[in-house]
Amino acid sequence: MKQTPLNARHRELGAKMVEFGGWDMPVQYSGIVEEHQATRNAAGLFDISHMARFWVTGPDSERFIQLVNTFDISKTAIGQSDYGIMCYEDGGIVDDIFAYHLGDDEWMVVANAGNAEKDWAWLNQHTAGFDLQLTNRSAELGMIALQGPAAEAVLAGLTAADVVNLPFHGITPATVAGASGYVSRTGYTGEDGFEIFVPAAQVSAVWDSILAAGAAAGVRPVGLGARDSLRFEPGLALYGHEIDRDINPYEAKLGWVVKLDKGPFIGSEALRDIKEHGPARTIVGLEMTGRGIARQGYPVATVDGAELGVVTTGMPSPTLGKNLAYALVKSKTVKVGDEVDVIIRGKPVRASVVKTPFYKSRYKK
Amino acid sequence: MADYKTPQDLLYVKSHEWLKVEGDTATVGISDYAQHALGDIVFVELPDVGASFGAGDAFGVVESVKAASDIYLPVAGEVIAINEALLDTPETVNSDPYENGWLVKIKLAGEPAGLLDAAAYEKVVAEEASK
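Calculation criteria
Residues numbered from 1 in each chain as written. Chains lettered and ligands numbered in written order. Predicted model: local features only at pLDDT ≥ 70, side-chain atom pairs only at ≥ 80, totals over all residues. Heavy atoms only, no water. Buried < 20%, exposed > 50% of the residue type's maximum accessible area, 1.4 Å probe, protein only. Helix = DSSP H or I, 4+ residues; strand = E, 2+ residues; numbered from the N terminus. Pairing = 2+ DSSP bridges. Axes fitted to C-alpha atoms, helices over the stretch in contact; angles between N-to-C directions. Salt bridge = Lys/Arg side-chain N within 4 Å of Asp/Glu carboxyl O. Contact = heavy atoms within 4.5 Å. Domains from an automatic or database assignment. Phe/Tyr/Trp six-rings, centres within 6.5 Å; stacked < 30°, edge-to-face > 60°. Lys NZ or Arg CZ within 6 Å of the ring centre and 35° of its normal. Buried area = accessible area lost by both parts, 1.4 Å probe. Polar contact = N/O pair within 3.5 Å; in protein donor to acceptor, adjacent residues only side chain to side chain.

Student: Before we move on, can you summarise the pairing of strand E6 (residues 58-64) of chain B with the specific residues and values?
Tutor: Residues and elements named next belong to chain B. With six of seven residues buried, E6 lies mostly within the body of the structure. As paired strands, strand E4 (residues 41-45) and E6 are joined by four bridges and run antiparallel to one another. In the sheet register, Phe43 faces E6, and the bridge partner there is Glu63. As judged from the five bridges shared by E6 and strand E7 (residues 68-72), these two strands associate in the antiparallel manner. Bridged to Gly60 within E7 is Ile71. The loop that links E6 with its antiparallel partner E7 comprises three residues.

Here is the structure:
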């Protein structure tokens, strides 16, 4: 199993370690619910060094990212970043990404750990005819996230960079606790917060400094368990759940990330067709009203037993205190307020279709 | 390394359930190590009284925020009581796995076999925890 530069720290902090996407990662330290609440109420510190960091440099870097990305990054100024999706020709999803515009002809693409090798191959497969360089800097740089209402004040005390005025999705070169790299106002929790990119050899020192500086404010280390519940409540998609090889962006309610008018890109023809005809399936929110917790893969049916679809993620929401889920169901079969059944271990358990997202993101914009 | 309680008067199985035999009945729960490994328990599903299970059968489910885990009956038997209090307060399995956090009581369908004593189970835990 691969280890991040913070592996020893996690063990010292008493984390429970699990395998995730080929990495030995902390799933929790003190407990998922406690870590979740700490992030919503103060701030959480996450090791996300397992994610992929690819540099795209050279005169054709923007044109290349436009080819592989459904989003239009021509308006993403230097010092800004945008969410995007890489699609296959048929509109299925390779991965979701963040593209950071670092400088003239210089971009960083951050992608999922579990898809890193596939993404790297995918990018390299499409460089023919482009004057650019692809560099995998995943191992060379560590990546940590500080997320929550206390994040800004804690980070501001550890860097001379003006993180207070860093805009939403902005990125700036910064030296944090003596380590030089980048700070961006991005994250995956539905809270205001930052992601910090520093050399792998220094990431432990930065981690320690943030925990020490943030102790009084209630900053806690947070594992992958709460990372999942924190992204779940505000409706941020997770590859292998709401998005996947066989799920297209329109089905995942990510049509806003697909910019068909920017010109041709990989998957644009198929996506145009899907948009015109309407997606076959759609992601809906469910609240369990019967006794049970919906989990990924559980079937969803009408109360009369007709098949509707499948749960993509489900869990008890720590913030809302309800058993909630996302399900991918046939389009135009259910609407908010309808009752459905989730089939839990062979038994139908009643649920209501509810509005999404479950939690309103509290970004500083 | 956290220290897990393994009371000497109980019997255990590798799948981390415990068994307290009293005559021809037994009380079943999950071990301190198991509750710790699962994390915050938010939901418990138990069988109906009167249901019969073979040794090693899944008889219920405990769920944490992250996942649902089957729980297995260490010996064959018929369920004679379930801990209904857990339906409203599943977290008792975390706080008190060997007393108030018991799951079911069963009438044994035969002599229990293949169970571990506390010392043998501690070795299983030490091995798993060091992974």
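We are not done yet, so read on.
Student: Tell me about the sheet that holds strand E12 (residues 193-199) of chain A, and please be specific about residues and values.
Tutor: All names here are of chain A. Reading across from one edge, E10-E11-E12-E9-E3-E13 is the order of the six strands in this open sheet, with mixed pairing throughout. For this open sheet the edge positions go to strand E10 (171-176) and strand E13 (219-221), each flanked by a neighbour on one side alone. Across the sheet, the axes of successive neighbouring strands diverge by a mean angle of 25 degrees, strand direction being ignored.

Student: Residues and numbers for the pattern of salt bridges, please.
Tutor: All names here are of chain A. For the structure shown, the criterion picks out 26 salt bridges over all chains. Across the pair Glu152 and Arg185 runs a salt bridge whose closest N-O atoms are separated by 2.6 Å. Remark: Arg185 occurs in the loop between strand E11 (179-184) and E12 and Glu152 occurs in helix H5 (residues 151-156); sequence separation between them is 33 residues. For the residue pair Glu152 and Arg185, the accessibility class agrees, reading buried in each case. Put simply, Asp341 and Arg350 hold a salt bridge, and the shortest N to O gap is 2.6 Å. The exposure class assigned to Asp341 is buried, which follows from its relative accessible area of 5%.

Student: Account for the environment of A:Ala43, with residues named and values stated.
Tutor: Along the chain, the position of A:Ala43 falls in strand E3 (residues 43-47). Not counting chain neighbours up to four residues away, the residues in contact with A:Ala43 comprise A:Ala38, A:Leu146, A:Gln147, A:Gly148, A:Ala150, A:Ala151, A:Gly218, A:Val219 and A:Arg220.

Student: Tell me about the domain arrangement of chain A, residues and numbers included.
Tutor: Looking at the assigned domains, one finds that chain A contains domain 1 (7-51 + 139-232), domain 2 (53-124) and domain 3 (280-354). Placing the centre of domain 2 of chain A and that of domain 3 of chain A at their C-alpha centroids yields a distance of 33 Å.

Student: Let's hear about the packing of aromatic side chains: which residues, and what values?
Tutor: A complete count under the given rule lists 15 aromatic pairs over all chains for this structure. Through pairs of rings, three or more aromatic residues link up here, namely A:Tyr83, A:Phe98, A:Tyr100, A:Phe197 and A:Trp256. One cation-aromatic arrangement involves A:Arg245 over A:Tyr88; the distance from NZ or CZ to the ring centre is 3.9 Å. Positioned over the ring face of B:Trp102 is B:Lys105, at 4.5 Å from the centre of the ring.

Student: Residues and numbers for the interface of chain B and chain A, please.
Tutor: If you look at the interface, chain B gives 16 residues, while chain A gives 17 residues. For the pair chain B and chain A, the summed buried area comes to about 1,400 Å², and 50% of that belongs to carbon and sulfur atoms. Applying the counting rule to chain B against chain A returns ten residue pairs in polar contact (both at pLDDT 80 or more). Counting only elements with at least two residues in the side of chain B that touches chain A, the list comes to helix H1 (32-38), E4 and E6 of chain B. For the side of chain B that touches chain A, the leading source of residues is E4(B), giving four residues.

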